[in-house]
Amino acid sequence: MDIVQIVGIGLIATFLAIVVKEQKPVFAFTITVFTGAIIFLYLIGEIQHIIQMLEGLASKANIEIIYVETVLKIIGIAYIAEFGAQITRDAGQGAIASKIELAGKLLIMAMAIPILKLIIETVLRLLPT
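Residues numbered from 1 in each chain as written. Predicted model: local features only at pLDDT ≥ 70, side-chain atom pairs only at ≥ 80, totals over all residues. Heavy atoms only, no water.

**Topic: unusual backbone geometry**
The residue N62 is not glycine, and still its phi comes out positive at about 55°. Within the element layout of this structure, N62 appears in the loop between α2 (25-60) and α3 (65-90). Note on N62: relative accessible area 71%, which makes it exposed. (Helix = DSSP H or I, 4+ residues; strand = E, 2+ residues; numbered from the N terminus. Buried < 20%, exposed > 50% of the residue type's maximum accessible area, 1.4 Å probe, protein only.)

If you want it as structure tokens, here you go:
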């Protein structure tokens, strides 16, 4: 999907949400969530293309695929947490949005530990003893 189309969908949804918000705030919020989901679904093809490209590069560089998958999962957690926090903040629940962001950060840290361990072990092997 072209960025112009995505922006068009976003602008139309914004206009609809503003008009509907005065009469039915719940419908305005539903429009916001639905629009975010539609835009995300349109981008799934691009995401798949990026993942395939990164896996191909990792294969050529002889990098174990488990590390590439971990990095991709970390990126996915970051995007999903940000999306959830934005939707929650739009609903007026800033405290819950902050907790979603905290949970995303903690999950990212937990998933990054094996990669950090590998980096530290590699540096230690390179250092003269």
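**Considerations on the layout of surface pockets**
Estimates place the volume of the largest pocket at around 780 Å³. Sorting the residues of the lining of the largest pocket by element identifies α2 and α3 as the ones contributing at least two each. Among the elements that take part in the lining of the largest pocket, α2 stands out by supplying twelve residues, more than any other. Per-class residue counts for the lining of the largest pocket are 15 nonpolar, four polar and three charged. The calculated volume of the second largest pocket comes to roughly 310 Å³. (1 Å grid on protein atoms, 1.4 Å probe; cavity = no way out; pocket = protein on both sides within 12 Å on 5 of 7 lines; lining within 4 Å. Points joined across faces, edges and corners; volume = space filled by probe spheres on them. Nonpolar A, V, L, I, M, F, W, Y, C, P; charged D, E, K, R; others polar.)

**A closer look at the environment of G104**
The topology assignment puts G104 in helix α4 (residues 94-126). Overall, the relative accessible area of 6% leaves G104 in the buried class. Residues G104 and Y67, 37 residues apart in the sequence, show an inter-C-alpha distance of 19 Å. With sequence-adjacent residues up to four places away left out, G104 is seen in contact with I77 and A81. (Contact = heavy atoms within 4.5 Å.)

**Section: α2**
The terminal C-alpha atoms of α2, which comprises 36 residues, lie 52 Å apart, in line with the 52 Å expected from a rise of 1.5 Å per residue. Remark: the principal bend of α2, roughly 40°, maps to I44. What α2 keeps buried is the set A28, T35, G36, I39 and A58. On its buried face, α2 sits against α1 (3-21) and α3. Positive backbone phi, approximately 55°, marks N62, located one or two places after α2. (Expected span 1.5 Å × (residues − 1). Bend = angle between axes of the 7 residues up to and from the residue.)

**With respect to the side chain of T88**
Following the sequence through the fold, T88 ends up in helix α3. Residue classification places T88 among the buried positions, given a relative accessible area of 15%. Sequence-distant contacts of T88, defined by excluding residues within four places in its chain, comprise Q93, I96, A97 and I100.

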